[in-house]
Amino acid sequence: MTAKSVLLAAGMCLMPGLAFAQANPVYIEKIDMPMAAAAHEVESVLHDGGYKIVLKLNILKLIGAQQKTLKIPHFNERHFSDIRAIVFCNPFDFSKLINSAWPVAAGCPLTLDIFSKGQTSYVVYGLRADYALTPQSRKIAEALDTSVIKVLQGIPMSRVEKDVPDIGKK
């Protein structure tokens, strides 16, 4: 376990209500790898963390293929080379959410997106605690977020981004 993950875990245990009180409702991990390697590592750590991957989408390719029809102005101005979405779930956490406050289960299966530009990729995970409707569902969602973040921190050659990186328009 790295020093950063120990400190993050300790901080979350000491301040459970504050751990997710941040300006951005997303967690971002920067990986010094191109998409193919980054996606493989993300899938690997999710699997090792007990998550089942239920869907993988190449978002940039799917939308780009329809760009002539959709005519989206300024499509991909930041010139990402690849954008993928991964849908994943831990069946036990899903069951807890259904039994706690069933509408909150809409936040699970979980999703994350991987944005790639050259040799750098960013994993972006939307925090589920923001979906909580009751104190019990918030507790479950915070535990879920903590678990996913811990798993994502196991990605080789990655580091937490405290702020949204400025990925300029080429």
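Residues numbered from 1 in each chain as written. Predicted model: local features only at pLDDT ≥ 70, side-chain atom pairs only at ≥ 80, totals over all residues. Heavy atoms only, no water.

Enquirer: Help me understand the nonpolar core, please; the structure alone is not making it clear to me.
Expert: Membership of the largest hydrophobic core comes to 31 residues, with the highest contact counts inside it found for Val42, Phe88, Leu112 and Tyr125. Of all elements in the fold, only strand E1 (26–31), helix H2 (35–48), strand E3 (82–89), helix H5 (91–101), strand E4 (110–117), strand E5 (120–126) and helix H6 (135–152) reach the threshold of two or more residues within this core. Those residues in contact with tyrosine 125, other than ones at most four positions away along the chain, are Pro25, Val26, Tyr27, Phe88, Leu110, Thr111, Leu112, Leu144, Asp145, Val148 and Leu152. (Core = buried A, V, L, I, M, F, W, Y, C linked by side-chain atoms within 4.5 Å. Buried < 20%, exposed > 50% of the residue type's maximum accessible area, 1.4 Å probe, protein only. Helix = DSSP H or I, 4+ residues; strand = E, 2+ residues; numbered from the N terminus. Contact = heavy atoms within 4.5 Å.)

Enquirer: I'm lost on H2 in this one. Help?
Expert: Three or four residues apart is the spacing at which side chains of an α-helix point the same way, because the helix has 3.6 residues per turn. When the terminal C-alpha atoms of H2 are compared, their 20 Å separation across 14 residues agrees well with the 20 Å that a helix rising 1.5 Å per residue should span. Buried-residue contacts for H2 involve E1, strand E2 (52–58), E3, E4, E5 and H6. One or two steps after H2, the chain reaches glycine 50, where phi turns positive at roughly 95°. (Expected span 1.5 Å × (residues − 1).)

Enquirer: I tried to follow H6 on my own but got confused; where do I start?
Expert: The terminal C-alpha atoms of H6, which comprises 18 residues, lie 26 Å apart, in line with the 26 Å expected from a rise of 1.5 Å per residue. Along H6, the residues classified as buried are Ser137, Ile140, Ala141, Glu142, Leu144, Asp145, Val148, Ile149, Val151 and Leu152.

Enquirer: Any chance you could explain the packing of H5 against H6 here in plain terms?
Expert: In a packed pair of helices, the relevant descriptors are the angle between the two axes and the axis-to-axis distance. Between H5 and H6, the least distance of the axes is 9 Å, while the angle of their chain directions is 165°. Taken together, the axes of H5 and H6 lie roughly antiparallel to each other. By crossing handedness, the relation of H5 to H6 is classed as left-handed. Here H5 contributes Asp93, Lys96, Leu97, Ser100 and Ala101 to the contact with H6, which in turn contributes Gln136, Ser137, Ile140 and Leu144. (Axes fitted to C-alpha atoms, helices over the stretch in contact; angles between N-to-C directions. Parallel < 35°, antiparallel > 145°, perpendicular 65-115°, else oblique. Left-handed = near helix turned anticlockwise from the far one by under 90°.)

Enquirer: Looking at this structure, how should I read the confidence of the model for the protein chain?
Expert: Low pLDDT means the predicted coordinates in that region are not meant to be read closely. On average, residues of the protein chain score 82 in pLDDT, and 86% of them reach the 70 mark or higher. Confidence, expressed as mean pLDDT per element, reaches its minimum in the protein chain at helix H1 (residues 3–14) with 32 and its maximum at H2 with 97. (pLDDT = per-residue confidence, 0-100.)

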